[in-house]
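For reference, the chains in residue letters:
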Amino acid sequence: GSGGGDSAGASAEGTCEGTSVNVGVVTSASDAPMFIADSKGYFKEEGLEVNFQSFDSAAKMIAPLGSGDLDVGGGAPSAGFYNAVARDVSLKIVADKGTMNEEHTYMPMMVRTDLVEDGKVSSLEDLKGLAIAEPAQATATASSLSSMLESAGLGYDDVEHSYLGFGEHLAAFANGGIDASLTTEPNATLMEEEGVAVRFASPSESYGSQQLAVILYSAAFAENTEVGNCFMKGYLKGVRDYVGAFEDGRLDSGKADAVVDIVTEATGIKPDLYRQIVPNYIDPDGKLDQASLQKDYDFFIGQGVIEGEPIELSSIIDTSFAETAAAELGEFAG
Amino acid sequence: MTTVKADRAHLNSRGAQNESSTMTSEVKISVDHLTKQFDSKGKTFTALDDINITIDKGQFFVIVGPSGCGKTTLLRILAGLEKPTSGSFSIKEAASNRPENSMVFQGDSIFPWMTVWENAAYGLNMRNVPKSEIKDTVGHYLSKTGLTAFADAYPHQLSGGMRQRVSIARAFSNDPDILLMDEPFSALDEQNKTLLHEELLRIWDETRKTVLFITHSVDEAVTLGDRIMIMTSQPGRVKAFVDVPFERPRDVLELRHRPEYGEVVYDIWQQLKQEVNDSAEKAKERAVSKAARSH
Amino acid sequence: MTTVKADRAHLNSRGAQNESSTMTSEVKISVDHLTKQFDSKGKTFTALDDINITIDKGQFFVIVGPSGCGKTTLLRILAGLEKPTSGSFSIKEAASNRPENSMVFQGDSIFPWMTVWENAAYGLNMRNVPKSEIKDTVGHYLSKTGLTAFADAYPHQLSGGMRQRVSIARAFSNDPDILLMDEPFSALDEQNKTLLHEELLRIWDETRKTVLFITHSVDEAVTLGDRIMIMTSQPGRVKAFVDVPFERPRDVLELRHRPEYGEVVYDIWQQLKQEVNDSAEKAKERAVSKAARSH
Amino acid sequence: MTQTSAPLAAQVVNPARRSPKKNKFGVSDRVLAIGTPVVLLLIWEAFVHLGAIDARFFPAPSSIFMRMGELIASGELWMHMWASIQRLFYGFWLGLVPAIVLGVLMGLSRPIRSALSPLVSGTYPIPKSALLPLILLIFGLGEMSKVVMVAIGVFYPVVMNTMSGVVQVAPIYYDVSKNYGASKWKVFKTVAIPGAMPSIMTGIELGAGLGLILIAIAEMMGAQEGLGFMIWNAWQLFSVETMYVGIFVIAVMGYIIALFLAEVAKWVMPWKR
Amino acid sequence: MTQTSAPLAAQVVNPARRSPKKNKFGVSDRVLAIGTPVVLLLIWEAFVHLGAIDARFFPAPSSIFMRMGELIASGELWMHMWASIQRLFYGFWLGLVPAIVLGVLMGLSRPIRSALSPLVSGTYPIPKSALLPLILLIFGLGEMSKVVMVAIGVFYPVVMNTMSGVVQVAPIYYDVSKNYGASKWKVFKTVAIPGAMPSIMTGIELGAGLGLILIAIAEMMGAQEGLGFMIWNAWQLFSVETMYVGIFVIAVMGYIIALFLAEVAKWVMPWKR
Ligand SMILES: Nc1ncnc2c1ncn2[C@@H]1O[C@H](COP(=O)(O)OP(=O)(O)OP(=O)(O)O)[C@@H](O)[C@H]1O
Ligand SMILES: Nc1ncnc2c1ncn2[C@@H]1O[C@H](COP(=O)(O)OP(=O)(O)OP(=O)(O)O)[C@@H](O)[C@H]1O
Ligand SMILES: [Mg+2]
Ligand SMILES: [Mg+2]
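Residues numbered from 1 in each chain as written. Chains lettered and ligands numbered in written order. Predicted model: local features only at pLDDT ≥ 70, side-chain atom pairs only at ≥ 80, totals over all residues. Heavy atoms only, no water.

**Points about the relation of the copies chain D and chain E**
Each copy of the chain is related to the other by a rotation around an axis and a translation along that axis. Once turned by 180 degrees and shifted 0.0 Å along the axis, chain D lies on chain E with an RMSD of 0.1 Å. On this basis, the relationship between the two copies can be described by a two-fold rotation axis. Considering only C-alpha atoms, the part of chain D nearest the rotation axis is D:Ser199, at 3.8 Å. Here 99% of the contact residues of chain D are again contact residues in chain E; the copies associate through an equivalent surface. (Least-squares fit on C-alpha atoms with pLDDT ≥ 70 in both. Contact = heavy atoms within 4.5 Å.)

Here you go:
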């Protein structure tokens, strides 16, 4: 990890010049602002040299963040994340990376086409006893699902849970292994294209706005306020370009051409597909929805997967970077 | 039956006892212009060169020749384990339902993963002979080879000579039409050898097998054989056929005191000696030319 | 040097040529109450039973005995390849920097992954002898064994007898203090055998090696040896020592016409015959008792 | 004079001959076999207490064993183990039998070897993680996909080692079986299989291990139990000790399988002392 | 009368003897080696066109090859291949050398075997997917962790096959080397290694394959290029053809490695005709 040490001298002079930052990404659409900031040189403007390291899931970033191999990571706050904090893997939640709300349902509930067409599943209550896929136990997705089931009068355990990576959901629908799923974009759109499943419901209807992904700083990186701010500024510039390209919550207008080019180039998503999907929303100021985080945390405790004493969430949330950067960037024009 | 082109006129006259049966004897094996070459590193090595032989049914045919002259190769070809490079051979099918031939291989050939008993019973088991018959036959030959007490031992627990005896028991038990024996008694003491000579002659006599027998012992050749083929060394050619003129059954000790015995042995010995000297010459020449080339 | 308990008085008188040197001869190998047992499936098999031998330095010591009597086992123990179950042996260290002993193993023992040359040079290479010396020595013995033309061949391209000659060349090249030879010439024709007998005697004569030589040929034993040990069969014990009373160098053909030669051979032959008959009896008994037990 | 009443060091260069259960230092094989891992665990424990190892990611063995105790008490560990063992068992046979048959055929027949080698050598290195989704598609999310995954793991090392073992059998033995009129099936049974047995047994050990490796990958998807699921889930939940319990149990299972196979080897190869 | 001027069927039961390049049906080995996979691909293609296979997940080979053409043209495929090949190369040696040394030592010395067997048999089946995060912690996110992963894959099959090969060498050869005063190092070099060479080569083939399997797992994390990354990423994006291109390239690499090793085998074992 170079974030903390390398930049000590640089930050004393009030600049981040020459500091390199290791950033963990999952190389999916939700990393769009990172790629935009990188491609448009926003990190360079701050004097940062950013190295992306890809991971197959956010959970795998926790250890490198703890050991200092990564400075910045991003992903869904899961029970594993809080457990890691509880055993001294000190991390800070610093900014929004993905918010799901009514207009931006980028992780819809999908139900297998034949079930819907046969009328076997016409409301959430019909999910009882069916196999529902989610990426892992005790993630934010599990919390979303829980609140959806609750709204239909079902308990979390009234359905069968199948733990499958988002990438596997399509195949599992195709061979009938699962009946429903909570799947992020672009996989949700792909499923519709392939005709294996249909969008059935939005978690936001029951949950409201949910903090699905966050930016994480390693403890060492967070200690270096200067560099943390520099990075955040670059990131938020990227975020603002990203949400600025939205038209009715989509990226299908001409306004989005530049963003589409950058993101599809970096992730390999086909441009046509990317224009079609429901992109994730990110607050232009990087503001975190702490209530949602707390709700998920409480859900994890209820699931009995939190090890050790419950922690005070505010002790690991540090909104100062986002606030400072947003203040420097000024009001987002839209 | 194919015409056998081997030059019969060239052969020595047949022995007294066989003379009378010349008209009735039928040819069992005929080898016709057979040549075998091995390729290695692009070079061709001729092991057998233009071999022509005719072996009558029921004949005890002995092959002698200097080490490396191709005796084993010839036997392996007749057993179908090696292909001749050119020429051909033919074997008259057995009238009975006996297996065509069984070989006592030179060197270790018994299966390390089978007990002495299983090894000796191998051929019979392959032919699905009834268990009780196997028990009798194998039991008999293990006793003849002095291995009864070691029936359950594995080869690695045996001495060299004992392993060779297992191989002999395996071939005898199989009761083939033709016995191919490649220096079968080389690792045995004189006494065991004598016992097995007797057993071999008994079997041969009772079942009228054709026997092809390779040996380095001229005494053994003359004591056992009807006809002896002397081979030249590298490349292996037929140097001469010698018919053994002694009546059967032979009394070995008495035989060795007859002057004719000494003559036959001396004759073969001389021919072989000449062969070995020639081959030593040749080897030296080759070595010299090789050394010359490497300069 | 440990005290050797073997009963010297019991031994035959020494041969004429050796008689004079009796006082000056020193003991090279002494074997003391040596016993070797093998365990298999819980049963104990006694291969060697209370062996006591003294072998003088420079002696040509021949071991004969029925197949399976423990000759190979004894040689392997002396070579340090097998541990005695009880008893001990001692070998006087070589004065020179020669290797202590080299063995010509019974059966195939040359490395399949080395050429004839590499196999023959093995011992010398292990001792880091200079390349030029290796070239001379190995070249000499390959020529003596008639393998010069096959120096680059691999074992699978050789005949059985040729492989045995490689093993002999390997041992001779190594120039050891003690030569352990386990039926070294069994797969060779009479002529090659004679050539190698001569070479062996030349080496022995020139370098005063101690030679332990196992053979099944009584003729070979009497022609080559100073002293012959006859062993009993299972368990292997010392049956008798026979000193060979012929002066050296020996003219083999002349020797065979002497009446004493016939006597010695006949004596050994008789003892061995008795042994084999005994062991056949024993085997039968064991087989019977085994059959009885299996009922 | 060299007194050699008990020549030493023979066992060092003479592996295949029966050698004493105690070596020259008087330490028995069993003590060594148990001692080495125990010593390593103790060193690990000491390092953690000395702070030389990052205990957040490499927790002390003592704490791992404590967690193991808890998981055993709750029955959870056993449940996961049992699920994996069953899959392993069926997958093992499903992979083993065709592997031996095919391996012997490829070893005995040159045309079959030529025809199938590219398929075997080509499909073996395909990342099983990439294959898993396709296996899920074909065999569903249920037990079958996991069993198939184990079978794939067992198959390749066994087929390759069998083939190579059969080719390595000294040609003289094939000559003998041919000379004694053995049918193809008998050549198979009396020469190829016993002759190749040592190689086959090594292949089976490698195969069983690869089966264990792959089952862990398979259980990361669509499973609710099994050691692979347990490890993966523990890592998702950052329940580090639980993860190590899973790893430790798999290691012990691997060692037990190896011991068991060594016994089987003695039994199927009685001719090896 | 049996006319046996050219005995047939010898090659079927006589694998180790030099046999003709053409078999009895007159089909050469090379034709078979190329023919079998081609025929399978054609059948696959036909099935797709007949609708017998779900083309969404098992696209026609023709479309896979078209995608391959595109990826070659853009240079992308080559970039991924080159990254993987480099890691494979370094990892191969890093795993091979200690595996052979340790394998021979374990084969020759019973105490070493007793002491290390539990470690080898125990650590081998540990799921590498579970190990990866720990390897990342120890070796960092860079190249080293991938190289180590390959090395682990190569290590186990080689060490086990080497050990088993060394133990299988006929005891007489160790006797000879001992009798001729070979030092331990020379026993190593002149007996154990050449005697075990056929097993070692099979181990290397298995090891190289496992290295390829594991590199694909390793490249799913902390990598931006490499065939494993390409396959994983393609699957995430449901770019099915691209995924198959990756799988196909790995299969071809595996086969080329096998062919190459066969040549190496001929070269290191000149005594095997
Ligand atoms: N596979 C092979 N490749 C090359 N050359 C071979 C092969 N097999 C045998 N030879 C050569 O053929 C010749 C004859 O060998 P063969 O084994 O038939 O001899 P032999 O007469 O049985 O000798 P011996 O009495 O020593 O057993 C030898 O010179 C040998 O080198
Ligand atoms: N490893 C072993 N395990 C069990 N028994 C063995 C072992 N090695 C040898 N024997 C037995 O010891 C006895 C002596 O064997 P050895 O090889 O010394 O005989 P030998 O005198 O050399 O016979 P030959 O003349 O046949 O070579 C034999 O009966 C044999 O069965
Ligand atoms: Mg021969
Ligand atoms: Mg012997």
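**Some points on helix H7 (residues 143-168) of chain D**
Side chains that are three or four residues apart share a direction in an α-helix, a result of its 3.6 residues per turn. With 26 residues, H7(D) extends 38 Å from end C-alpha to end C-alpha; this agrees with the ideal 38 Å at 1.5 Å per step. The element H7(D) is largely enclosed, with a buried count of 21 among its 26 residues. (Helix = DSSP H or I, 4+ residues; strand = E, 2+ residues; numbered from the N terminus. Expected span 1.5 Å × (residues − 1). Buried < 20%, exposed > 50% of the residue type's maximum accessible area, 1.4 Å probe, protein only.)

**Focus on the site of ligand 1**
Within the structure, ligand 1 sits among 22 residues, and B:Thr72, B:Thr73, C:Gln157, C:Ser159 and C:Gly161 are positioned closest to it. The side chain of B:Ser67 places a nitrogen or oxygen atom 2.8 Å from an oxygen atom of ligand 1. Side-chain polar atom of B:Gln106 to an oxygen atom of ligand 1: 2.8 Å apart, as the coordinates give it. Taken by itself ligand 1 offers 640 Å² of open surface, and the protein chains cover 91% of this. Every element with two or more residues in the shell around ligand 1 is listed here: strand E2 (43-56) and helix H2 (71-78) of chain B together with helix H6 (160-174) of chain C. (Near = heavy atom within 4 Å. Polar contact = N/O pair within 3.5 Å; in protein donor to acceptor, adjacent residues only side chain to side chain. Areas by Shrake-Rupley, 256 points an atom, 1.4 Å probe, with all protein chains shown as cover.)

**Overview of helix H6 (residues 128-139) of chain D**
Residues and elements named next belong to chain D. Burial of H6 is extensive: 10 of the 12 residues sit out of reach of the surface. Restricting attention to buried positions, one finds in H6 the residues Lys128, Ser129, Ala130, Leu131, Leu132, Pro133, Leu134, Ile135, Leu136 and Leu137. Looking at the residues trailing H6, positive phi occurs at glycine 140, about 80 degrees.

**Considerations on the site of ligand 2**
What surrounds ligand 2 is a group of 22 residues, the closest being B:Gln157, B:Ser159, B:Gly161, C:Thr72 and C:Thr73. With respect to ligand 2, the chains having nearby residues are chains B and C. B:Gln157 has a polar backbone atom sitting 2.6 Å from an oxygen atom of ligand 2. The fraction of the free accessible surface of ligand 2 (640 Å²) that becomes covered by protein chains is 91%. Those elements that place two or more of their residues in the shell around ligand 2 are helix H6 (160-174) of chain B together with strand E2 (43-56) and helix H2 (71-78) of chain C. Among the residues making up the shell around ligand 2, the classes are represented as 7 nonpolar, 13 polar and 2 charged. (Nonpolar A, V, L, I, M, F, W, Y, C, P; charged D, E, K, R; others polar.)

**Focus: the coordination of the magnesium ion (ligand 4)**
Six octahedral donors around a metal ideally sit at 90 or 180 degrees from one another, while four tetrahedral donors ideally sit at 109.5 degrees. For the magnesium ion (ligand 4), the protein coordination sphere consists of C:Thr72 (OG1) and C:Gln106 (OE1), at 1.9 to 2.2 Å. Linking C:Thr72 in helix H2 with C:Gln106 in the loop between strand E5 (101-104) and helix H3 (116-120), this pair joins segments that are 34 residues apart in sequence. (Donors = N, O, S within 2.8 Å, 3.2 Å for Na, K, Ca; no water.)

**A short note on the interface of chain D and chain E**
Contact with chain D, which involves 81 residues of that partner, is made by 80 residues of chain E. For the pairing of chain D and chain E, the buried interface totals around 7000 Å² over both sides, and the portion due to carbon and sulfur atoms is 71%. Our enumeration of links across chain D and chain E arrives at 0 salt bridges. If you tally residues by element for the side of chain D that touches chain E, the top one is helix H9 (residues 184-218) of chain D, at 13 residues. (Buried area = accessible area lost by both parts, 1.4 Å probe. Salt bridge = Lys/Arg side-chain N within 4 Å of Asp/Glu carboxyl O.)

**A short note on the nonpolar core**
Counting 448 residues, the largest nonpolar core has A:Leu127, A:Phe231 and A:Tyr235 as the members making the most contacts within it. Beyond its immediate chain neighbours, meaning those up to four positions away, A:Leu127 contacts A:Met109, A:Val111, A:Val121, A:Ile132, A:Leu149, A:Val159 and A:Ala180. Among the nonpolar cores identified, the runner-up in size contains 5 residues, and A:Tyr163, D:Ala223, D:Phe229 and D:Trp232 belong to it. (Core = buried A, V, L, I, M, F, W, Y, C linked by side-chain atoms within 4.5 Å.)

**Examining the pairing of strand E1 (residues 19-25) of chain A**
Residue and element names in this part refer to chain A. Along E1, 7 of the 7 residues are buried, which leaves the element largely enclosed by surrounding structure. On E1, burial covers both faces: Thr19, Val21, Val23 and Val25 on one face and Ser20, Asn22 and Gly24 on the other are all buried. As paired strands, E1 and strand E2 (residues 48-54) are joined by 7 bridges and run parallel to one another. Counted as the bridge partner of valine 21 is valine 50 from E2. (Pairing = 2+ DSSP bridges.)

**Points about the sheet that holds strand E5 (residues 101-104) of chain B**
Residue and element names in this part refer to chain B. Strand order in the open sheet made by the 6 strands is E5-E6-E7-E3-E8-E9, with mixed pairing throughout. Strands at the two margins of the open sheet, each flanked by one partner only, are E5 and strand E9 (238-243). Strand-to-strand, the axes of this sheet are offset by a mean angle of 15 degrees, without reference to chain direction. H2 contacts strand E3 (60-64), E5, strand E6 (178-182), strand E7 (210-214) and strand E8 (227-231) of the sheet and is inclined by roughly 150 degrees relative to E7. In this fold H6 packs onto E5 and E6, with an angle of close to 170 degrees to the strand it touches most, E5. (Axes fitted to C-alpha atoms, helices over the stretch in contact; angles between N-to-C directions.)

**Considerations on the pairing of strand E1 (residues 27-40) of chain B**
The two faces of the sheet receive side chains in turn, since in a regular strand these alternate between them. All names here are of chain B. Bridging between E1 and E2 involves 10 bridges; their strand directions are antiparallel. The residue of E2 that forms the bridge with glutamine 37 is threonine 46. Between E1 and E2, which pair antiparallel and follow one another directly, the connecting turn spans 2 residues, one of which, lysine 41, has a positive phi of 50 degrees. Pairing between E1 and strand E4 (residues 86-91): 5 bridges, direction antiparallel. Paired with threonine 35 across the two strands is serine 86, which belongs to E4.

**A few points about the packing of aromatic side chains**
All names here are of chain A. On inspection of all chains with the given rule, the structure shows 61 aromatic pairs over all chains. Ring centres 4.7 Å apart and planes at 70 degrees place the aromatic pair tyrosine 82 and tyrosine 297 in the edge-to-face group. With a gap of 215 residues between them, tyrosine 82 in helix H6 (residues 79-86) and tyrosine 297 in helix H16 (residues 290-303) connect regions that are remote in the sequence. Per residue, the accessibility class of tyrosine 82 equals that of tyrosine 297, and both read buried. (Phe/Tyr/Trp six-rings, centres within 6.5 Å; stacked < 30°, edge-to-face > 60°.)

**With respect to the environment of C:Val31**
Relative to the helices and strands, C:Val31 resides in strand E1 (residues 27-40). For C:Val31, a relative accessible area of 0% gives the class buried.

**Observations regarding unusual backbone geometry**
Cis peptide bonds are those with omega within 30 degrees of zero, and the linkage from A:Glu185 to A:Pro186 qualifies with 5 degrees. With a phi close to 50 degrees, B:Asp175 is a non-glycine residue in the positive phi region. For B:Asp175, a relative accessible area of 29% gives the class partly exposed.

**Considerations on the packing of helix H4 (residues 76-108) of chain D against H9(D)**
All names here are of chain D. The geometry of H4 relative to H9 is characterised by a closest axis approach of 9 Å and an angle of 140 degrees between their N-to-C directions. Here H4 is positioned oblique relative to H9, judged by the angle of their axes. Between H4 and H9 lies a crossing of right-handed hand. Contacts between H4 and H9 pair Ser84, Arg87, Leu88, Phe92, Leu96, Ile100, Val101, Val104, Leu105 and Leu108 from the former with Val187, Phe188, Ala192, Ile193, Ile200, Ile204, Ala208, Gly211, Leu212 and Ile215 from the latter. Residues that form the contact of H4 with H9 fall into these classes: 17 nonpolar, 2 polar and 1 charged. (Parallel < 35°, antiparallel > 145°, perpendicular 65-115°, else oblique. Left-handed = near helix turned anticlockwise from the far one by under 90°.)

**Describing the environment of C:Arg227**
Residue and element names in this part refer to chain C. Tracing the backbone through its elements, the reader meets arginine 227 in strand E8 (residues 227-231). As for arginine 227 and arginine 250, which are separated by 23 residues in sequence, their C-alpha atoms are 15 Å apart. Within the structure, arginine 227 has its side chain in polar contact with the backbone oxygen of threonine 54 (distance 3.2 Å). Within the structure, arginine 227 has its side chain in polar contact with the side chain of aspartate 243 (distance 3.2 Å).

**Thoughts on the confidence of the model for chain B**
With 86% of its residues at a pLDDT of 70 or more, chain B shows a mean pLDDT of 82. Overall fold confidence (pTM) sits at 0.87, and the ipTM for the predicted complex is 0.86. (pLDDT = per-residue confidence, 0-100.)

**Some words on the pattern of salt bridges**
Any two side chains of opposite charge can pair, so long as their charged atoms come close to each other. Using the criterion set out here, one finds 60 salt bridges over all chains in the structure. Between A:Glu192 and A:Arg199 there is a salt bridge, and its shortest N-O distance comes to 3.2 Å. By relative accessible area, A:Arg199 is classed as partly exposed at 29%. With its nearest N and O atoms 3.3 Å apart, the salt bridge here joins C:Glu254 to C:Arg258. The exposure class of C:Arg258 is buried, given its relative accessible area of 18%.

**A word on a nonpolar patch on the surface**
A cluster of nonpolar side chains, namely D:Phe89, D:Tyr90, D:Trp93, D:Val97, D:Val101 and D:Leu105, defines an oily patch on the protein surface of about 580 Å² accessible area. Summarising the element assignment, D:Val97 is placed in helix H4. (Patch = residues over 30% accessible without salt bridge, like charges linked within 9 Å, V, L, I, M, F, W, Y side chains within 5 Å.)

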